[in-house]
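Observations on chain architecture
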There are 2 protein chains.
Amino acid sequence: MAPAYKLTYFPVKALAEPIRLLMSYGKLEFEDFRFDRDDWPQIKPTMPFGQVPVLEFKGVEAHQSIAICRYLAKQVKLTGANDIEDLEIDAVVDTVMDLKASAAVKEERRKQLFEETLPFYMKRMESFTKKNKGHLAAGKLTWADLHFVGIMDYLNFMIERDLIADYSGLKAMQKTVLNLPGIKEWVAKRPVTEF
Amino acid sequence: MAPAYKLTYFPVKALAEPIRLLMSYGKLEFEDFRFDRDDWPQIKPTMPFGQVPVLEFKGVEAHQSIAICRYLAKQVKLTGANDIEDLEIDAVVDTVMDLKASAAVKEERRKQLFEETLPFYMKRMESFTKKNKGHLAAGKLTWADLHFVGIMDYLNFMIERDLIADYSGLKAMQKTVLNLPGIKEWVAKRPVTEF
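Residues numbered from 1 in each chain as written. Chains lettered and ligands numbered in written order. Predicted model: local features only at pLDDT ≥ 70, side-chain atom pairs only at ≥ 80, totals over all residues. Heavy atoms only, no water.

Chain A has the name glutathione transferase in an unreviewed UniProt entry, where Photinus pyralis is given as its organism. In its Catalytic activity (unreviewed entry) section, the UniProt record describing chain A reads: "RX + glutathione = an S-substituted glutathione + a halide anion + H(+)". (UniProt positions renumbered as here; feature names shortened; annotations may be inferred.)

For chain A, the mean per-residue pLDDT works out to 97, and 100% of the residues sit at or above 70. Among the scores for the predicted complex, ipTM is 0.97 and pTM is 0.98. (pLDDT = per-residue confidence, 0-100.)

With that out of the way, let us pick up the relation of the copies chain B and chain A. Screw-axis analysis of chain B against chain A gives a translation of 0.0 Å along the axis, an RMSD of 0.0 Å, and a rotation angle of 180°. Overall, the copies show the geometry of a two-fold rotation axis. Looking at the interface residues of chain B, 100% of them are also at the interface in chain A, so both copies use one shared face. (Least-squares fit on C-alpha atoms with pLDDT ≥ 70 in both. Contact = heavy atoms within 4.5 Å.)

The next thing to look at is the sheet that holds strand S2 (residues 30-34) of chain A. All names here are of chain A. As summarised here, the arrangement of the four strands in space is S2-S1-S3-S4, forming an open sheet in which the pairing is mixed. If you trace the sheet from one side to the other, it starts and ends with S2 and strand S4 (60-62), each paired once. Direction aside, neighbouring strands of the sheet carry axes that sit 15° apart on average. Sheet topology note: the strand S3 (residues 54-57)/S4 ladder contains three bridges and is antiparallel. Bridge pairing in S4 links Phe57 to Val60. (Pairing = 2+ DSSP bridges. Helix = DSSP H or I, 4+ residues; strand = E, 2+ residues; numbered from the N terminus. Axes fitted to C-alpha atoms, helices over the stretch in contact; angles between N-to-C directions.)

In structure tokens, the structure reads:
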């Protein structure tokens, strides 16, 4: 039988990797469809809002990577225990996406990025791990952890350095996630890509 | 007794108005704290991640406007009926925020914005109202409707025109939302601001 989920994306980790980590963690079988970049002009018009990643399942064609992650987190039990914990998780995830947007700066703004913006974000993210037993939110493993670890290679590629090099709490969190059953196997077998 | 919720934001609608609409719809009393722009340098360092809106309640200091909206939607019963409907709602909301990001372009890109980007988004948004009984998602009134209507004045201010002028389904949806009990009263009494 074909897997219940089909993920369509470029042949990279980037925005799709948090989705792949969530499905791997939950042992949800998925077709990891990676199209050639040359084929994107043909594929783009067939995608909702002309963007990927897209996740197909049960007749649903889901777009928007964070919305997809939140849906999968519910299926694999990586949400909060109540509305307030989910609010905390959602805020962390949206903050990481803000950080990603901030990192996409022109050369002349890189100094400010490295000296102000990134330390500002990262110090706060690091403090979260201290307050949440080594995790980003809700005092436990949640999809906020998997999302951040999943997108980290892309962030590192964008900024051309290791975002969490100086942050021991975040490094420990990353290690925890990468050693989870399901995720460890996925990381060992996934295609090797630059970001 | 002081209201259970305190919202802190600039003296404008913008990113805070969807939050205000949700609380007004649910008859949740809130302190609508609008600080003077001149005071922002003093207030900014006291806010989580240096940003607003921030919503305080029950000892929680919540940031990230969309995360706050989603939390409030659960409290006032404007979510989907199941995980798939919530996924659909989340994707619409994130798409509106993408549209907002796309609208923040330099003058030389405005032609492309008006001739390509906005029609691309708006035709799809309009088609949603046809498939969802006059709403954006889940075939019923949800927080996706309130979010879009709440942020619309800000989008119109950014693009210097009426985003939905040519879209009858979206105009009807906006009218429906603005006539809801709670919201109608809020709109009548809220401070008049440009955006």
